[in-house]
Amino acid sequence: MKLAVTGAGGLLGSALFALVKGHEVYSLYDQHAPTSGIPIRLDLRNKNQVAETLERLEPDAIVHTAALTDVDRCERDRELAKAINCDATRAIAKSARNLGAYLVYVSTDYVFDGKSGSYNEEDIPSPVNFYGHTKLMGEQAVKELLSDYLIARTSVIYGSTPSSGKVNFALWLLDSLSAGKTVKVAANQLVSPTLNTNLAEMIIECLERRVKGILHLSGASRVSRLEFALELCRIWSLNPSLINPVDMSKMNWYAPRPRDSSLDVTKASSILVKKPASIKDSLCRLKEELDSSKRG
Ligand SMILES: NC(=O)c1ccc[n+]([C@@H]2O[C@H](COP(=O)([O-])OP(=O)(O)OC[C@H]3O[C@@H](n4cnc5c(N)ncnc54)[C@H](OP(=O)(O)O)[C@@H]3O)[C@@H](O)[C@H]2O)c1
């Protein structure tokens, strides 16, 4: 299969490249060139270039992971957030339709308002911030233009390597706690943390089986950021007293966050061979990945 992956140097994109096998893969990037696949620079804000590039490559499938993922920046720079998360997604969906290509659009738990948590695929989205709003508009464009698509919603992605120039929640905790620094962690924000390699292998299975519709693909555990940090301390034998639990209202975030955006992964767990993993299994896998990258 000929695949085009946007956001190829990002946290999810880099894991997809590490795990995908036996396909011809084009890696689309903007600022951070990926180290695998056939790299092609494409600024998704340029709609004509999006159409021209995809229609020249003629992929059988497109995995659209690229987004403006900085939630506070989306709130401040709404025009940019709309251009990348919504308009570019619409342009990609149009090209997919013209090419007859299957599209996987990676979306977010932040499409939900967080009032109830454990959201399943039938629950009605109602975002509380502009990032969630733009990602939901992206979902709507995909549904409107295509029938051969998967909307894969995920939650707090983490992984073993800094990607697209930034560290993730798990690496930030590990770096800070190993250096003996205290960290401020929200005690009452509930999420479904997702290891990038677990997510990537589930997406690859969906791609190869052409799974359609909406699917929640996240880690299988509903935890607070505090519980995540404490589990990480247990597995790495780090000092939990360095963790300073705070109410999420004291986090000084610019954009509001949903209080409980955890995802129900029952559907993915029942239909996929590669299953959403528990927090403990995912953190143990992360440890193995970090240990093997140090050795190798
Ligand atoms: N990270 C999370 O916790 C989380 C949670 C829920 C859902 N998601 C969703 O999961 C997907 C993957 O997230 P991620 O964490 O892997 O993202 P990430 O590491 O923040 O990477 C974002 C990617 O988007 C690309 N991008 C941004 N602006 C672009 C532009 N104008 N043109 C082309 N590419 C552009 C970046 O490319 P360059 O680096 O080359 O500029 C980068 O590869 C996103 O769709 C996100 O909404 C993420």
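See the structure printed just above.
Everything in this summary refers to the structure shown in the same document. Values in this document were obtained by computation on a predicted structure and should not be read as measured data.

### Thoughts on the overall build of the protein
Piece 1. Counting secondary structure elements, the protein contains 10 helices and 13 strands.
Piece 2. For 296 residues, the compact-globule estimate of 2.2 N^0.38 gives 19 Å, and the C-alpha radius of gyration of the protein, at 18 Å, lies within 12% of that figure.
Piece 3. If one aligns the C-alpha atoms of the protein with their principal axes, the spans along those axes are about 55 × 45 × 35 Å.
Piece 4. The 296 residues of the protein split such that 57% are buried.
Piece 5. Counting only carbon and sulfur atoms, one obtains 48% of the accessible surface of the protein, whose full area is about 12700 Å².

### Quick notes on the site of the ligand
Piece 1. The full set close to the ligand counts 29 residues, and His32, Thr69, Tyr131, Ser164 and Lys166 are the nearest of them.
Piece 2. Interatomic distance of 3.5 Å between a backbone N/O atom of glycine 7 and an oxygen atom of the ligand.
Piece 3. Examining the composition of the shell around the ligand, we find that three residues originate from one element, strand β5 (residues 102-108), more than from any other.
Piece 4. Its residues assigned to classes, the shell around the ligand comprises 12 nonpolar, 12 polar and five charged.

### Here we look at the pairing of strand β6 (residues 149-154)
Piece 1. Within β6, six of the six residues are buried, which leaves the element mostly enclosed by the surrounding structure.
Piece 2. Here β6 shows a buried face lined by Tyr149, Ile151 and Arg153 and a second buried face lined by Leu150, Ala152 and Thr154.
Piece 3. Where β5 and β6 come together, six bridges link them in parallel fashion. Bridge pairing links threonine 108 to threonine 154 in β6.
Piece 4. Handedness of the crossover joining β5 and β6 through helix α5 (residues 130-145): right-handed.
Piece 5. Here β6 pairs with strand β11 (residues 213-216) via four bridges, running parallel. Within the sheet, the bridge partner assigned to arginine 153 lies in β11 and is histidine 216.

### With respect to α5
Because an α-helix completes one turn every 3.6 residues, residues spaced three or four positions apart along the sequence face the same direction.
Piece 1. The first and last C-alpha atoms of α5 sit 23 Å apart over 16 residues, in line with the 22 Å expected at 1.5 Å per residue.
Piece 2. Taken together, the buried positions of α5 are Phe130, Tyr131, Gly132, Thr134, Lys135, Leu136, Gly138, Glu139, Ala141, Val142 and Leu145.
Piece 3. Along its buried surface, α5 packs onto α3 (71-76), α4 (78-99), β5 and β6.

### Quick look at the pattern of salt bridges
Piece 1. The final tally for this structure, using the stated rule, is 16 salt bridges.
Piece 2. Here aspartate 30 and arginine 41 are joined by a salt bridge, their closest N and O atoms 3.5 Å apart. Placement of aspartate 30 in the loop between β2 (24-29) and β3 (38-41) and of arginine 41 in strand β3 is noted, with a sequence separation of 11 residues between them.
Piece 3. Its relative accessible area of 25% is what places aspartate 30 among the partly exposed residues.
Piece 4. Its salt-bridge partner being arginine 234, residue glutamate 231 comes within 2.9 Å of it at the nearest N-O pair. Of the two residues, glutamate 231 and arginine 234 both sit in helix α8 (residues 225-236), three residues apart, roughly one turn of that helix.
Piece 5. Its relative accessible area of 13% is what places glutamate 231 among the buried residues.
Piece 6. Each of Asp148, Arg210 and Lys212 takes part in a single network of salt bridges with overlapping partners.

### Looking at the layout of surface pockets
Piece 1. Empty space within the second largest pocket amounts to approximately 310 Å³.
Piece 2. Taken together, 18 residues form the lining of the second largest pocket, with Ser14, Ala15, Ala18, Thr161 and Asn196 sitting closest to its centre.
Piece 3. Secondary-structure elements contributing two or more residues to the lining of the second largest pocket are α1 (11-19) and α7 (196-209).
Piece 4. Per-element accounting of the lining of the second largest pocket gives the leading share, five residues, to α1.
Piece 5. Of the residues belonging to the lining of the second largest pocket, the class tally is eight nonpolar, nine polar and one charged.

### Considering empty space enclosed by the protein
Piece 1. What the rule picks out here adds up to one cavity of 30 Å³ or more.
Piece 2. Approximately 40 Å³ is the volume found for the largest cavity.
Piece 3. Along its surface, the largest cavity is lined by Leu3, Val5, Leu16, Phe17, Val20, Val25, Val63 and Leu207.
Piece 4. Among the elements of the structure, β1 (2-6) and α1 are those that each provide at least two residues to the lining of the largest cavity.
Piece 5. Split by residue class, the lining of the largest cavity holds eight nonpolar, no polar and no charged.

Parameters and conventions
- Residues numbered from 1 in each chain as written.
- Predicted model: local features only at pLDDT ≥ 70, side-chain atom pairs only at ≥ 80, totals over all residues.
- Heavy atoms only, no water.
- Helix = DSSP H or I, 4+ residues; strand = E, 2+ residues; numbered from the N terminus.
- Rg over C-alpha atoms; globule rule 2.2 N^0.38 Å.
- Buried < 20%, exposed > 50% of the residue type's maximum accessible area, 1.4 Å probe, protein only.
- Areas by Shrake-Rupley, 256 points an atom, 1.4 Å probe, with all protein chains shown as cover.
- Near = heavy atom within 4 Å.
- Polar contact = N/O pair within 3.5 Å; in protein donor to acceptor, adjacent residues only side chain to side chain.
- Nonpolar A, V, L, I, M, F, W, Y, C, P; charged D, E, K, R; others polar.
- Pairing = 2+ DSSP bridges.
- Right-handed = clockwise from strand over helix to strand, strands pointing away.
- Expected span 1.5 Å × (residues − 1).
- Contact = heavy atoms within 4.5 Å.
- Salt bridge = Lys/Arg side-chain N within 4 Å of Asp/Glu carboxyl O.
- 1 Å grid on protein atoms, 1.4 Å probe; cavity = no way out; pocket = protein on both sides within 12 Å on 5 of 7 lines; lining within 4 Å.
- Points joined across faces, edges and corners; volume = space filled by probe spheres on them.

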